[in-house]
Amino acid sequence: MLKKSVPVVDCDIHPYATSETPLAPFIPEKFRQAVAQGQASQPGHGYQNPFGVNRRDVEGCSPQSWARDYLDLYGIAFAVIQPPGISVSLAHDIDVGAALARAWNDWQIEHWLRADARYLGSICINANDPAQAVTEIERCAAHPQMVQVIVTGESSLLYGHRFYHPIYAACEAAGLPFAMHPGAEGARTPSTPIGAAASYFEWHSTLPLTFMAHTASLVCNGVFEKFPRFKVVLVEGGFGWLPHLMWRLDKNFKALRSTTPWLKRAPSETIREHVRLTSQPIEEPPTTQQFLELLEMMDAQNTLLFSSDFPHWDFDDPRRIFPPRMDEKLLRRILGENAAQLYGLRLENSTENETAKSETVKSENREALV
Amino acid sequence: MNGNEQEKRPTREDLPGVNNGFGTESPLDYAFAVVEKAEAPRARGRGKIEVGLASEIAPGEKKIVEEGALSIGVYNIGGAFFAIKNVCPHAGAPLCQGHIQTTHRPSEVGKYDPALEGRVLRCPWHGWEFDIVTGKGLYDTKSRVATYPVTIGEDGKVRVQI
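Predicted, not measured: the structure shown is a model, and the values here were computed from it.

## Considerations on the overall build of chain B
Piece 1. Scanning chain B from terminus to terminus reveals 1 helix and 10 strands.
Piece 2. Sequence-ordered secondary structure for chain B, helices as α and strands as β, is α-β-β-β-β-β-β-β-β-β-β.
Piece 3. With 162 residues in all, chain B has 35% of them scored as buried.

Following this line, the structure appears as structure tokens:
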């Protein structure tokens, strides 16, 4: 069992609006009628977990009860919120989508970030309107607990496309990573490139396909060459596929580099520098040795961030999911220090506080927080 | 696996291309700096291989010669002759059976800048790119195929110094 003193940063928790914390008051006034008449509609993917998405032993959702029943109980130093507004880019009406992004951001700030300094927010944007997205990023970036920009893996274009680059410029300028989270796959197009999965089981198991495609797109289109301080966080998309994709990109680079001459280093080097992945749902190979080898293959000491997905059904307990005899330095990196470095957080009981300087320019804000 | 003894990952400052006089900052910039510096290959003092008359190898053409186990491709690139070992360092393929091509030099995102016209050898097996003149692999800092000095005698004969 993990020592209680090892600091944990959870990069994926999912609060939702309740009758005590409704979204409606945060919808900009001019858009309330549009929302009331159904213009906030967005396509759904149609897959349902027949046994429910939330843990049956978690009652309700409030900043106070979660602080007590989750943050305190599990010893979580910081928890990054992935709000329901991550999917506003799917809204059929482009301006209502942008208004909803704004509403979810203010909802996070007023109900969650204000309640407890351990909660960190994700800035929702309508990625289909980069100009409004940039405005929203600039508006929210000033809040010291807003630590990243968030979108869904389901998107109109692969994220390496030049259409999105103004968003990345804004992220880089604000020192905010760009995170993506699955769950909307299948809403716009079939959930796999070939067709629609036939069950929630199949749909959920193939979500990493989206993340592999976006990662290759971001690398091959030169996003990280164009924005050298830009970071990407792949949330809940698995990580066992990363070594395969890195090896395959590196191998093809030797033959096909001249088709993307702006790439000036092996893709795996770029990925290790710019891309972070969250751990949940943790990969569970048949043996501990295989698990540890996988961590080594993906350079987990630099690339992997712990996440729990609380309070969802496939929740991972930070004190239980890693092998008992795992190297403590590696464990500390995964459980908290990698995220602290990425988001510019200061952790108590960290062995690396002096070296954990933020990878972003927002570090001063973040250190003022705690 | 031992996270305590993690191998130090090289940073950009550790790359051989930095502070070596090329003034480069990335693996590909370094590779192209090696290519553009085009240092003459050195003779190894193991004798010469007779290739034949220079007039028999037209510009853009090649001839493969062998001496014992050693196989070498001799290329005429725009009237100048170059010799490169006929073995790919990746998987041992007969490199000189690959296509002669042109590539793009490292560029800004979205820009193409054609480079090394007619002097890029693409391995026939997996497509890795090499500069015929220097033997430099065009994808990292380290890869290099052996190259050899070529002389053309007054008799019009091409000889490779091995």
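## A short note on the overall build of chain A
Piece 1. In terms of regular secondary structure, chain A is built from 14 helices and 8 strands.
Piece 2. In terms of overall size, chain A behaves like a compact globule, its C-alpha atoms giving a radius of gyration of 20 Å where 370 residues would be expected to give roughly 21 Å.
Piece 3. Dimensions of chain A, computed from the C-alpha atoms along their principal axes, are close to 55 × 50 × 45 Å.
Piece 4. Looking at the 370 residues of chain A, the share that counts as buried comes to 51%.

## Quick word on the interface of chain A and chain B
By a widely used convention, the size of an interface equals the accessible area lost when the partners come together.
Piece 1. Taken together, the contact between chain A and chain B spans 21 residues of the former and 26 residues of the latter.
Piece 2. Class assignment of the residues belonging to the side of chain A that touches chain B gives a composition of 8 nonpolar, 3 polar and 10 charged.

## Re the nonpolar core
Piece 1. Formed by 135 residues in total, the largest nonpolar core has its most connected members in Ile125, Ile137 and Cys171 of chain A.
Piece 2. Sequence-distant contacts of Cys171 of chain A, defined by excluding residues within four places in its chain, comprise Ile137, Val149, Leu176, Pro177, Phe178 and Phe230 of chain A.

## Some remarks on the sheet that holds strand β9 (residues 150-152) of chain B
Residue and element names in this part refer to chain B.
Piece 1. If you trace the 3 strands from one edge of the open sheet to the other, you get β1-β10-β9, paired in antiparallel fashion. The sheet terminates laterally at β1 (48-53) and β9, the two strands that pair on one side only. Averaged over all neighbouring strand pairs, the angle between strand axes comes to 25°, with direction disregarded.
Piece 2. Examined bridge by bridge, β9 and strand β10 (residues 157-161) share 3 bridges and lie antiparallel to one another. What sits directly across from Thr151, in β10, is Arg159.

## Some remarks on the packing of helix α3 (residues 94-113) of chain A against helix α4 (residues 130-140) of chain A
All names here are of chain A.
Piece 1. Close contact between α3 and α4 brings their axes to 10 Å; oriented N to C, the two are set at 15°. If you check the angle between α3 and α4, you find them roughly parallel. As for the relative orientation of α3 and α4, their crossing is right-handed in sense. Each of Ala98, Ala101, Arg102 and Asn105 in α3 lies in contact with α4, whose residues at this interface are Gln132, Glu136 and Cys140.

## A short note on unusual backbone geometry
Residue and element names in this part refer to chain A.
Piece 1. Cis rather than trans, the peptide bond between Gln280 and Pro281 has omega equal to -5°.
Piece 2. Mapped onto the fold, Pro281 is located in the loop between β7 (275-278) and α11 (288-297).
Piece 3. Cis geometry is adopted by the peptide bond preceding Pro311, which originates at Phe310 and carries an omega value of 5°.
Piece 4. Following the sequence through the fold, Pro311 ends up in the loop between β8 (304-305) and α13 (328-343).
Piece 5. Unusually for a residue other than glycine, Glu236 sits at a positive phi of about 60°.
Piece 6. Within the secondary structure, Glu236 is located in the loop between β6 (232-234) and α9 (242-256).
Piece 7. Unusually for a residue other than glycine, Asp299 sits at a positive phi of about 55°.

## Structural notes on the pairing of strand β6 (residues 114-122) of chain B
Residues and elements named next belong to chain B.
Piece 1. Note that strand β5 (residues 99-104) and β6 share 5 bridges and pair antiparallel. Residue pairing across strands places Ile100 opposite Leu121, the latter belonging to β6.
Piece 2. For β6 and strand β7 (residues 129-131), the ladder comprises 3 bridges, and the chain directions are antiparallel. Paired with Arg122 across the two strands is Glu129, which belongs to β7.

## Regarding the sheet that holds β6 of chain A
All names here are of chain A.
Piece 1. Taking strand neighbours across the sheet as the criterion, the 8 strands line up as β1-β2-β3-β4-β5-β6-β7-β8 in an open arrangement whose pairing is parallel. The sheet is open, and its two borders are formed by β1 (8-13) and β8, each paired with just one other strand.
Piece 2. Of the strand pairs in this sheet, strand β4 (residues 146-152) and strand β5 (residues 178-181) are connected by 4 bridges, and their pairing is parallel. In the sheet register, Thr152 faces β5, and the bridge partner there is His181.

## Let's talk about the confidence of the model for chain B
All names here are of chain B.
Piece 1. Per-residue confidence for chain B averages 88 on the pLDDT scale, and 85% of its residues sit at or above 70.
Piece 2. In the model, residues 1-7 has pLDDT below 50 throughout and makes 13 contacts with residues more than four positions away in sequence or in other chains.
Piece 3. Below a pLDDT of 50 lies the segment residues 15-22, which in the model reaches 19 contacts outside its immediate sequence neighbourhood of four places, other chains included.
Piece 4. Here the complex is predicted with pTM 0.91, and the ipTM for its interfaces comes to 0.85.

## Concerning the environment of His45 of chain A
Residues and elements named next belong to chain A.
Piece 1. Within the fold, His45 resides in the loop between α1 (32-36) and α2 (63-74).
Piece 2. For His45, a count of 20 C-beta atoms within 10 Å corresponds to the buried category.
Piece 3. In this structure the C-alpha to C-alpha distance between His45 and Ser191, which are 146 residues apart in sequence, comes to 7.9 Å.
Piece 4. Discounting residues that sit within four places of it in the chain, His45 has contacts with Ala184, Glu185, Gly186, Ala187 and Ser191.

## With respect to the packing of α4 of chain A against helix α5 (residues 165-174) of chain A
All names here are of chain A.
Piece 1. Packing of α4 against α5 brings their axes to within 9 Å, and their N-to-C directions diverge by 10°. With respect to their mutual orientation, α4 and α5 come out roughly parallel. Judged by residue contacts, Pro130, Ala133, Val134, Ile137 and Glu138 of α4 engage Pro166, Ile167, Ala170, Cys171 and Ala174 from α5.

## What about the pairing of strand β4 (residues 80-85) of chain B?
The side chains of a regular strand alternate, residue by residue, between the two faces of the sheet.
All names here are of chain B.
Piece 1. Alignment of strand β3 (residues 70-77) against β4, held across 6 bridges, turns out to be antiparallel. Bridge pairing in β4 places Ile77 opposite Ala80.
Piece 2. Taken together, β3 and the strand that follows it, β4, pair antiparallel across an intervening segment of 2 residues, in which Gly78 is found at a positive phi of about 60°.
Piece 3. Examined bridge by bridge, β4 and strand β8 (residues 147-148) share 2 bridges and lie antiparallel to one another. Across the sheet, Ala83 pairs through a bridge with Tyr148, a residue of β8.

Rules of the game
- Residues numbered from 1 in each chain as written.
- Chains lettered and ligands numbered in written order.
- Predicted model: local features only at pLDDT ≥ 70, side-chain atom pairs only at ≥ 80, totals over all residues.
- Helix = DSSP H or I, 4+ residues; strand = E, 2+ residues; numbered from the N terminus.
- Buried ≥ 20, exposed ≤ 12 C-beta atoms within 10 Å, placed from the backbone.
- Rg over C-alpha atoms; globule rule 2.2 N^0.38 Å.
- Contact = placed C-beta atoms within 7 Å.
- Nonpolar A, V, L, I, M, F, W, Y, C, P; charged D, E, K, R; others polar.
- Core = buried A, V, L, I, M, F, W, Y, C linked by C-beta atoms within 7 Å.
- Pairing = 2+ DSSP bridges.
- Axes fitted to C-alpha atoms, helices over the stretch in contact; angles between N-to-C directions.
- Parallel < 35°, antiparallel > 145°, perpendicular 65-115°, else oblique.
- Left-handed = near helix turned anticlockwise from the far one by under 90°.
- pLDDT = per-residue confidence, 0-100.

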